[in-house]
Amino acid sequence: MASMVGQATLGKEELLETAGLMVEFTRARGDHLYYLDENGKERQVLDLVGGFGSTLLGHNHPELVELLTRCLAQQRPVHAQGSRRQQASELKQALADYLHQHSGERYKIYLLNTGTEAVEAAIKHARYAYAQRMEAMSDACAANARELQIRLERGEIQIDAPLLQQAERLLQHEPLDHVDALLSAVNQRNLQALATAPLMAALPYAFHGKTLGSLALTWNRDARLAFVRNNPDALFVHEPSQFLAQLREHSVSVYQFEFQPLRLVERRLPRLAGLIYEPLRGEGGILELDAEFRTLLQALREHHPEVALIADEVQCGLGRTGRPIESAAQGLPADYLTFAKSLGGGLCKISALAVRESLQHREFGMLHSSTFAEDDLSARVALRSLEILQRDAVAQRCASLGEALLEGLQALQRAHPELIRAVRGRGCMLGLELQDLSEHRSPLLASLAQEQLLGMVCAGYLLHAHGLRVLPSLGRRSVLRIQPSAYLQPADLQQALQAFRALFETLAQGNLQSLLAHMLSSGFTPLALPAARTGSGAEPLAPAGSATAVERIGFLAHLIDAQSLREWEPGLAGLSDEQLSELCSRVQCAMEPQLIASRRVRSPLGREVELRLYGIMMDSESIAADIRFHRAQQIRRQVQHAYQRARDEGCGLVGFGGYTSIVTANCIDFEYEHPPVTSGNALTVAASLAATRSSAARMGLVSSEAVVAVVGAAGNIGQVQALLLAAQCRRLILLGRPGHEARLAQVRRDIASELLQQPLPSIDAASTWARALREWRQAQQGTPDLAQLDAWLAQQAWVQLRTSLDACREADIVISASSSPQPVLRAEHFATDRPVLVCDVAVPGDVDTDSVQSLPQLRLIRGGVVRLPMAPELELPGMQLDPGLIFACAAETLLLGLSGIRADFSKGPVRPEQVREIEGLARLHGFEIDHEKRVGAF
């Protein structure tokens, strides 16, 4: 049940490809990126991703490019470890001066490579400082015990019974009847406490990196839990007002003696080595710290000055927010600061950890080192970047730009409050959060929102339709991040606002064709919107009427073909079958099963159930391809996930439809006790045969004199149809694919077995075959065995085995139930000199309807369709059926639910007795199983 589906199975590149964001950029300058289109023409894109905050100075800043080129031309050493590295020393001093200027504090600088390494170094330094404190406390406890012994030897004090009793109560240790026992107990408790691992704390929605230490303090569960689960050394501050009190729970106790008067005392030490915070949380959705968190940081500094407070300014620091140091601008305490991204000027990988001079441990530089840190190349570029930041007043530039962008985006929010939840941030670090559209009237928009894909799809639209590049936040994908350089031009700012305006007008209109056109190979082409329609795709999940709770049953289905996708999402009606197929294949790997509809159905007997339809975003062709090339890995995972969702949402029974039954071997793969399952095959057989009989009667076809062909007879549905048709027609043709001869022979043996089990008086003698069977049975001496009857059937040619569809031309009635995703029967396969009835049970259909239009005497009906007795207006999205009609596989699930049957039903091979039982239940509850659903006007 733990199988992964959707985005959990995708890599970063596959997910970006799904949303149409995988573009190869070939050139960059300032705030623009360039790529070559399919015609080789260079296209310009306004980049508001900003290297996730790295290109504060823009792409390829000319001064930095010139410096980098000169360094390479001078052949400056890059790898000269263990030597004087003057460029790194100058950078450390310049950064320390910058921090002192804007915070008033003196810091020791350590140069590293990446932001996550800077965070790792900060965590290590905090833990090292904690270990040093614990070591000092251990020395103090040992000195205290020695002082006790010295005073005892001198006779200055004595251990009496009250002291031992007080120690027993404090240590919860007894008996302590002499000084050696007392000292041993104290020492044992102190050693245990001082060896306890320290804790690190972080705030909600924080992102600090993806190495194990930083990941443990990253809020995003999807990123963290795959690697760091149930980590006892990491805390997240859920309730800032209660955190100081919680620290007492997360503390250790050491015990020391006081001598005037002599007593044992407990000293509680917090296990918290440090707390890390982002002054402006980027990956969490551009979130500022609220007053409660700021108060907590100040209180921690006041009450626990030994706890290291780490300001992670990897993304927001060095002026991006409009302030030189964001934590200092907010008045937040910071013992350590981390920087990266902007420090490298958008060209070099370099980061820095700053530790307050009063807290630094000189030996830490040896304890944490890196092969690639402090190289001349990165150091010189970072030093020049720092100079440019100050010379060009980059912080002030960012503040002005941020005000203009916020004003424009807030105006857009006022125009579309139903689409934009919030606009927030400061400077050149802004976020636009989409409203939760998971209940949107458009099923596709709702599904994309539920899958947290809507932000990425919107980003793809902006890129291809308007040449604007943004990306969602990693930890909150409904937030589009806006992080331009400090040099964004007014014209670029207006382009960005116009692009966002176009996006939200497109969403407001429900113009899915424009929104998704970039995901098609035909490129961006605005298409005419179809006329608005009301239908199952736009209906709410829950039906109107009484809110009284009723028992839930689930039904699993998948897309049939392009038309079923149009029915589910009318907004895609203007796309061709090829375009819909391409779109479906692109997004299906990222989509989890969806709750498509919820409908209440009542029986004439008074019982009511809620049918919940769970849709798998794969069509028949893609499922068949998955079966062929991947052994049904993707569809099986999707089915497992859909079943689990139905179970979690309280369904007491789950039915399977279409390929969901096929790939699970008619539900045999499900060995779970609850909820029980059914394949729907029993009622599918009953309904298809009932419809065939009634339609044949309307055409004047006499079943007992008709030749009947069963296409797909090697499958379970075809096999049971053949068993139930035995001796009721003039001749029975069993059709299967080449290579299925052995399986067809087994079906004939099963027919023989079924006929042997029927008593002679019950065999209907209306057909020539039945009369001959009775005569043959009566002529046998004793009870005939199975092999004899099978041989007789083969000899008489009343049950024929064929692997060529041309055999259908001999038939008056054709029942087709193959599992092919494409039509297999065409006009040339049917007789043209007499009336022919074709019952197409397969979904999608086996018959090419366009081809058989030329056959006026052919009557084509849809098999396995049922009319509900008390739900004339019921529609299920994507089923391609008229109101009140439902496929028999879903109807079987309903029947079992209405009958109160909560056990596996048609699980595994369907048997004739199950068909008869479900047929009886259908008639009891008023289900019309012999409904004739005509296909076309033939």
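No experiment lies behind these values; they were computed from the predicted model shown.

Asker: So what exactly am I meant to see when it comes to the overall build of the protein chain here?
Answerer: What the protein chain contains, in helices and strands, is 32 helices and 33 strands. With the C-alpha coordinates of the protein chain rotated into their principal frame, the extents come out at 120 × 85 × 55 Å. In the protein chain, which comprises 938 residues, the proportion classed as buried is 56%. Considering only contacts in the protein chain between residues 6 or more positions apart, those separated by 24 or more positions represent 71%. As presented, the protein chain carries roughly 39,300 Å² of accessible surface, and 48% of it is formed by carbon and sulfur atoms. A gap of 1 Å separates the mean positions of the 92 positive and 106 negative side-chain charges of the protein chain.

Asker: Got a minute to help me understand the layout of surface pockets in this structure?
Answerer: Here the second largest pocket is characterised by a volume of approximately 1,200 Å³. Contributing to the lining of the second largest pocket are 50 residues, with Ile662, Ala817, Ser818, Ser819 and Ser820 lying nearest its centre. Secondary-structure elements contributing two or more residues to the lining of the second largest pocket are strand E20 (551-558), helix H22 (620-630), helix H24 (659-662), helix H25 (681-699), helix H26 (716-725) and helix H31 (888-898). In terms of residue class, the lining of the second largest pocket is built from 26 nonpolar, 21 polar and 3 charged.

Asker: Got a minute to help me understand the environment of alanine 697 in this structure?
Answerer: Within the element layout of this structure, alanine 697 appears in helix H25. Relative accessible area serves as the criterion here: at 57%, alanine 697 is assigned to the exposed category. When the C-alpha positions of alanine 697 and glycine 655 are compared, they lie 32 Å apart, and in sequence the two are 42 residues distant.

Asker: Would you take a moment to explain the packing of aromatic side chains for this structure?
Answerer: How two aromatic rings sit relative to each other is given by the distance of their centres and the angle of their planes. In total, this model carries 6 aromatic pairs according to the counting rule given. Each ring, one from phenylalanine 25 and one from tyrosine 35, has its centre 6.1 Å from the other, and the planes form 85 degrees; the classification is edge-to-face. Placement of the pair is phenylalanine 25 in strand E1 (residues 25-29) and tyrosine 35 in strand E2 (residues 32-36), with a sequence separation of 10 residues. Classification of phenylalanine 25 as partly exposed rests on a relative accessible area of 23%. Its relative accessible area of 14% is what places tyrosine 35 among the buried residues. Taking the centre distance of 5.4 Å and the plane angle of 85 degrees together, the rings of tryptophan 219 and phenylalanine 236 count as edge-to-face. Highlighted residues: tryptophan 219 in the loop between helix H8 (212-215) and helix H9 (221-224) and phenylalanine 236 in strand E6 (residues 234-236), separated in sequence by 17 residues. Judged by its relative accessible area of 23%, tryptophan 219 is partly exposed. Site record: aromatic cluster; members linked through ring pairs are Tyr205, Trp219 and Phe236. Seen from the ring of phenylalanine 293, arginine 281 lies directly overhead, with NZ or CZ sitting 5.8 Å from the centre.

Asker: Help me out: how do you make sense of the nonpolar core in this one?
Answerer: The tendency in soluble globular proteins is for nonpolar side chains to be buried side by side. In terms of nonpolar packing, the biggest core is built from 211 residues, with Phe500 and Ile751 touching the most fellow members. Residue contacts for isoleucine 751: discarding those within four places in its chain leaves Ala722, Leu723, Ala726, Leu732, Leu734, Leu793 and Val799. Of all hydrophobic cores here, the second largest spans 35 residues; its members include Ile123, Leu194, Ala234 and Phe236.

Asker: Looking at this model, I keep getting lost on H26. Mind explaining?
Answerer: In an α-helix, one full turn covers 3.6 residues, which means residues spaced three or four apart are oriented alike. In terms of burial, H26 is largely enclosed, as 10 of its 10 residues are buried. Residues of H26 that are buried: Asn716, Ile717, Gly718, Gln719, Val720, Gln721, Ala722, Leu723, Leu724 and Leu725. Considering only its buried residues, H26 is in contact with H25, strand E25 (707-711), strand E26 (731-735), helix H27 (741-757), strand E28 (813-816) and helix H32 (912-924). With its phi angle positive at about 65 degrees, alanine 727 sits one or two positions after the end of H26.

Asker: I keep staring at the sheet that holds strand E21 (residues 594-602) and nothing clicks. Help me out?
Answerer: Strand pairs in the sheet, formed through backbone hydrogen bonds, run parallel or antiparallel to each other. Read from one edge to the other, the open sheet built from 5 strands follows the order E21-E22-E20-E23-E24, with strand pairing classed as mixed. Taken across any chain shown, the strands that pair with only one partner, and hence form the sheet edges, are E21 and strand E24 (677-678). In the sheet, E21 pairs with strand E22 (residues 608-616) via 8 bridges, with the strands oriented antiparallel. In the sheet register, arginine 599 faces E22, and the bridge partner there is leucine 611.

Asker: Help me out: how do you make sense of helix H18 (residues 490-509) in this one?
Answerer: When the terminal C-alpha atoms of H18 are compared, their 29 Å separation across 20 residues agrees well with the 28 Å that a helix rising 1.5 Å per residue should span. The set of residues buried in H18 consists of Asp492, Leu493, Ala496, Leu497, Ala499, Phe500, Ala502, Leu503, Phe504, Thr506 and Leu507. Immediately beyond the C-terminal end of H18, within one or two residues, lies glycine 510, with a positive phi of roughly 70 degrees.

Asker: Even after reading the chapter, I still don't get unusual backbone geometry, so can you show me in this structure?
Answerer: Glycine aside, residues mostly have negative phi angles, and peptide bonds mostly take the trans form. Between glutamate 174 and proline 175 the backbone carries a cis peptide bond, its omega angle lying at -5 degrees. Structurally, the position occupied by proline 175 is in the loop between helix H6 (161-171) and helix H7 (179-194). One non-glycine residue, asparagine 60, lies in the positive phi region at around 50 degrees. Looking at the element boundaries, asparagine 60 is found in the loop between helix H2 (50-53) and helix H3 (62-73). The backbone phi angle of lysine 341 is positive, close to 40 degrees, even though this residue is not glycine. Relative to the assigned elements, lysine 341 resides in the loop between strand E13 (336-339) and strand E14 (351-356). Take lysine 341: its relative accessible area is 24%, and that puts it in the partly exposed class.

Asker: What is the right way to read the sheet that holds strand E3 (residues 42-47) from this model?
Answerer: In space, the 4 strands of this open sheet follow the order E1-E2-E3-E17, with mixed pairing throughout. Bordering the open sheet on either side are E1 and strand E17 (468-469), each of which pairs with just one other strand. In this sheet, E17 lies alongside E3 in parallel orientation, the contact comprising 2 bridges. Within the sheet, the bridge partner assigned to leucine 46 lies in E17 and is leucine 468.

Asker: Could you clarify how one ought to interpret the packing of H31 against H32 in this entry?
Answerer: Between two packed helices, both the angle of their axes relative to each other and the distance between the axes serve to describe the pair. Contact geometry of H31 with H32 gives a least axis separation of 10 Å together with a crossing angle of 70 degrees. In terms of their interaxial angle, H31 and H32 are classed as roughly perpendicular. Residues Glu892, Leu895 and Leu896 of H31 touch H32, and the partners they reach there are Ile918, Leu921 and Ala922. Within the contact of H31 with H32, the residues separate by chemical class into 5 nonpolar, no polar and 1 charged.

Asker: Quick question: what am I supposed to make of the pattern of salt bridges here?
Answerer: Where charged atoms from two side chains of opposite charge approach closely, those side chains can pair. Scanning the entire structure with this criterion turns up 47 salt bridges. For arginine 301, the salt bridge is made with aspartate 335, and the minimal N-O distance between the two is 2.6 Å. Of this pair, arginine 301 sits in helix H11 (residues 291-303) while aspartate 335 sits in the loop between helix H12 (326-329) and E13, and the two are 34 residues apart along the sequence. Arginine 301 gets classed as partly exposed once you look at its relative accessible area, which sits at 26%. By relative accessible area, aspartate 335 is classed as buried at 0%. A salt bridge links glutamate 928 to arginine 867; the nearest nitrogen and oxygen atoms lie 4.0 Å apart. Taken together, the residues span a long stretch of sequence, with glutamate 928 in the loop between H32 and strand E33 (933-934) and arginine 867 in strand E31 (residues 865-867) at a distance of 61 residues. Within the structure, one salt-bridge network assembled from shared partners comprises Arg552, Glu610, Arg612, Arg645 and Glu649.

Asker: Looking at this model, I keep getting lost on the pairing of E14. Mind explaining?
Answerer: Regular strands place side chains that alternate from one sheet face to the opposite one. With respect to burial, E14 is a largely interior element, 6 of its 6 residues being buried. Alternating positions in E14 separate into two faces, Ser351, Leu353 and Val355 on one and Ala352, Ala354 and Arg356 on the other, with burial throughout. As defined by bridge partners, strand E4 (residues 107-112) adjoins E14 across 6 bridges and the pair is classed as antiparallel. In the sheet register, leucine 111 faces E14, and the bridge partner there is alanine 352.

Asker: Help me out: how do you make sense of the confidence of the model for the protein chain in this one?
Answerer: Note: predicted coordinates in regions of low pLDDT should not be interpreted at a detailed level. Chain-level pLDDT for the protein chain is 89 on average; 94% of the residues reach the 70-or-more range. A low-confidence stretch, residues 524-546 (pLDDT under 50), is modelled with 41 contacts involving residues beyond four sequence positions or located in other chains.

Asker: Can you walk me through the environment of glutamine 857 in this structure?
Answerer: For glutamine 857, the position within the fold is in the loop between helix H30 (849-852) and strand E30 (858-862). In sequence terms glutamine 857 and valine 394 are 463 residues apart; their C-alpha atoms lie 82 Å from each other. Those residues in contact with glutamine 857, other than ones at most four positions away along the chain, are Met699, Thr832, Asp833, Arg834, Pro835 and Val836.

Asker: In this structure, what is going on with the side chain of glutamate 313? I would like to understand it.
Answerer: Note on placement: glutamate 313 falls in the loop between strand E12 (308-312) and H12. Within the buried core, glutamate 313 has no salt-bridge partner, and the shortest N-O distance to an opposite charge, that of arginine 323, equals 8.8 Å. Here glutamate 326 takes part through its backbone nitrogen, which lies 3.1 Å from a polar atom of the side chain of glutamate 313.

Cut-off values and rules
Residues numbered from 1 in each chain as written. Predicted model: local features only at pLDDT ≥ 70, side-chain atom pairs only at ≥ 80, totals over all residues. Heavy atoms only, no water. Helix = DSSP H or I, 4+ residues; strand = E, 2+ residues; numbered from the N terminus. Buried < 20%, exposed > 50% of the residue type's maximum accessible area, 1.4 Å probe, protein only. Contact = heavy atoms within 4.5 Å. Areas by Shrake-Rupley, 256 points an atom, 1.4 Å probe, with all protein chains shown as cover. Lys, Arg positive; Asp, Glu negative; His and termini not counted. Charge placed at Lys NZ, Arg CZ, Asp CG, Glu CD. 1 Å grid on protein atoms, 1.4 Å probe; cavity = no way out; pocket = protein on both sides within 12 Å on 5 of 7 lines; lining within 4 Å. Points joined across faces, edges and corners; volume = space filled by probe spheres on them. Nonpolar A, V, L, I, M, F, W, Y, C, P; charged D, E, K, R; others polar. Phe/Tyr/Trp six-rings, centres within 6.5 Å; stacked < 30°, edge-to-face > 60°. Lys NZ or Arg CZ within 6 Å of the ring centre and 35° of its normal. Core = buried A, V, L, I, M, F, W, Y, C linked by side-chain atoms within 4.5 Å. Pairing = 2+ DSSP bridges. Expected span 1.5 Å × (residues − 1). Axes fitted to C-alpha atoms, helices over the stretch in contact; angles between N-to-C directions. Parallel < 35°, antiparallel > 145°, perpendicular 65-115°, else oblique. Salt bridge = Lys/Arg side-chain N within 4 Å of Asp/Glu carboxyl O. pLDDT = per-residue confidence, 0-100. Polar contact = N/O pair within 3.5 Å; in protein donor to acceptor, adjacent residues only side chain to side chain.

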